[in-house]
Amino acid sequence: MAAPSSAGLPCSEPGAAPYGNFPNYSRFHPPEGRVSLLPGGLLRRLFPAAARPLLGIDVGCNSGELSVALYRHLLGLQDKSSPDQPAAGKDLHLLCCDIDAALIERAQQSSPFPAFISFANLDIMDSTSREPFLSSYLGRFGRSTFDIGFCMSVTMWIHLNHGDSGLREFLAFLSSLCKYLLIEPQPWKCYRAAARRLRKLGRNDFDHFRSLAINGDMAERITQILTKDCAMELVCCFGSTSWDRSLLLFKSNGSNQEGREPSES
Ligand SMILES: C[S@@+](CC[C@H](N)C(=O)[O-])C[C@H]1O[C@@H](n2cnc3c(N)ncnc32)[C@H](O)[C@@H]1O
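Residues numbered from 1 in each chain as written. Predicted model: local features only at pLDDT ≥ 70, side-chain atom pairs only at ≥ 80, totals over all residues. Heavy atoms only, no water.

Identification of the protein as RNA methyltransferase from Anser cygnoides is taken from an unreviewed UniProt entry. Under the heading Sequence similarities (unreviewed entry), UniProt records this for the protein: "Belongs to the methyltransferase superfamily." (UniProt positions renumbered as here; feature names shortened; annotations may be inferred.)

Participant: Just give me the short version of the packing of aromatic side chains, but keep the residues and values in it.
Facilitator: As enumerated under the stated definition, the model contains 10 aromatic pairs in all. When the centroid spacing of 6.0 Å and the interplanar angle of 65° are considered together, the rings of Trp157 and Phe206 count as edge-to-face. Here the residue Trp157 occupies a position in helix 7 (residues 155–177), and Phe206 occupies one in the loop between helix 8 (188–200) and helix 9 (218–229), the gap between them amounting to 49 residues. Exposure remark for Trp157: the relative accessible area of 8% places this residue in the buried category. (Phe/Tyr/Trp six-rings, centres within 6.5 Å; stacked < 30°, edge-to-face > 60°. Helix = DSSP H or I, 4+ residues; strand = E, 2+ residues; numbered from the N terminus. Buried < 20%, exposed > 50% of the residue type's maximum accessible area, 1.4 Å probe, protein only.)

Participant: Describe the pairing of strand 3 (residues 117–121), listing the residues and the values that go with them.
Facilitator: With respect to burial, strand 3 is a largely interior element, four of its five residues being buried. Bridge analysis of strand 2 (residues 92–98) against strand 3 gives five bridges, and the strand direction is parallel. Among the inter-strand pairings, Asp98 is bridged to a residue of strand 3, identified as Asn121. Crossover connection from strand 2 via helix 5 (residues 101–110) to parallel strand 3: handedness right-handed. (Pairing = 2+ DSSP bridges. Right-handed = clockwise from strand over helix to strand, strands pointing away.)

Participant: Please set out helix 8 residue by residue, giving values where relevant.
Facilitator: Compared with an ideal rise of 1.5 Å per residue, which puts 13 residues at 18 Å, helix 8 spans 19 Å between its outermost C-alpha atoms and is within 8% of the ideal. Of the residues making up helix 8, those classed as buried are Trp188, Cys190, Tyr191, Ala194, Ala195 and Leu198. Seen end-on, helix 8 carries its buried residues on one side only, within an arc spanning 155°. Against the buried residues of helix 8 lie helix 7 and helix 9. Just downstream of helix 8, Gly202 is the residue with a positive phi angle, here 75°. (Expected span 1.5 Å × (residues − 1). Arc of directions from axis to C-beta. Contact = heavy atoms within 4.5 Å.)

Participant: How would you explain the side chain of Ser175 if you had to name every residue and give the values?
Facilitator: With respect to the helices and strands, Ser175 occurs in helix 7. A polar side-chain atom of Ser175 sits 2.9 Å from the main-chain carbonyl oxygen of Ala172. (Polar contact = N/O pair within 3.5 Å; in protein donor to acceptor, adjacent residues only side chain to side chain.)

Written out as C-alpha cells, the structure reads:
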C-alpha cells in the first residue's frame, strides 16, 4: 500500500502536487461549500430503515477535513465545538483513503471520531493492494460492498495520471463497490489550469493530458460513463459549488451489489 508522498516534488506550489495532494486543500475549497448543498436527512432518505451500520468510503480524502464534515453533516452532528459522538441508531462507518501518506498521517492525528472514521494510505488505482485492503475492511462488517461512496474532486487527478482507460476503470470499480456514489467531477477548465501550473514549474505535461478523448463537459461525460457502462442511474444533482463543480448522486442497479437494502438484513 506504499504511496508516494508527492512524487518527490515539494508541495508548497500547487503545480507540484501531481495527484492533487495539496497540503491545504480545504482552505481553498472549504468543506462547507460542498456539504451545505446536501439536504439534511439524506442518509435516512436513502436508507429509510437501516438496521445495520452503514458503510461509506471516501476516495481521495486528502487530510480528512471534508470526510469529517460529511460525516457530521450526514449524521446531523452540526456543532463543531461539542465533543459529541454519533448517537445510537445512527451508525455510519467511513473508510477514507488517499494516495499521500503524509496527508493520511495528518488526518489520523486529528480525527475526532477514530472509532467511526478510519484513514488509510491507499492508491485506489493499485488493484493489488486495494482488493485485499478493502475486502478486509468490509469483511469486518460481514459485507462485500459499501452503502455509499464519496469521490470529491478526484476524477481529474485519476484522469490526468491514468488516461481515459484509467478513468473508465476507476468509475467501473467505484460503481461495483458502492450502492450509492456521490461524485464531484472537476470541469475541463480545471484540467487546463492544472497542466498550465505544471508547465509554469518547468515540468513535463501530465502523461495523458493531450491525448484525452474524454473531455469537454466532464459532469456530462462522467454521467454518460456511469449510466451507460457502469449500470448506475443518476438520482439527482445537488447543485453546483461556488467554484462551479456539480455534486451528482448515482445509484447502482448492478447485480454485483449485495442486492438488498440495509433494512432487509
Ligand atoms: C483535490 S484533492 C480533494 C480532496 C477532498 N476529496 C476534497 O474534495 O476536499 C484530491 C485528492 O485525491 C487524492 N488522490 C489522487 N489520486 C489518488 C489515488 N490514485 N488514490 C487515492 N487518492 C488519490 C490526492 O492525494 C488528493 O488528496
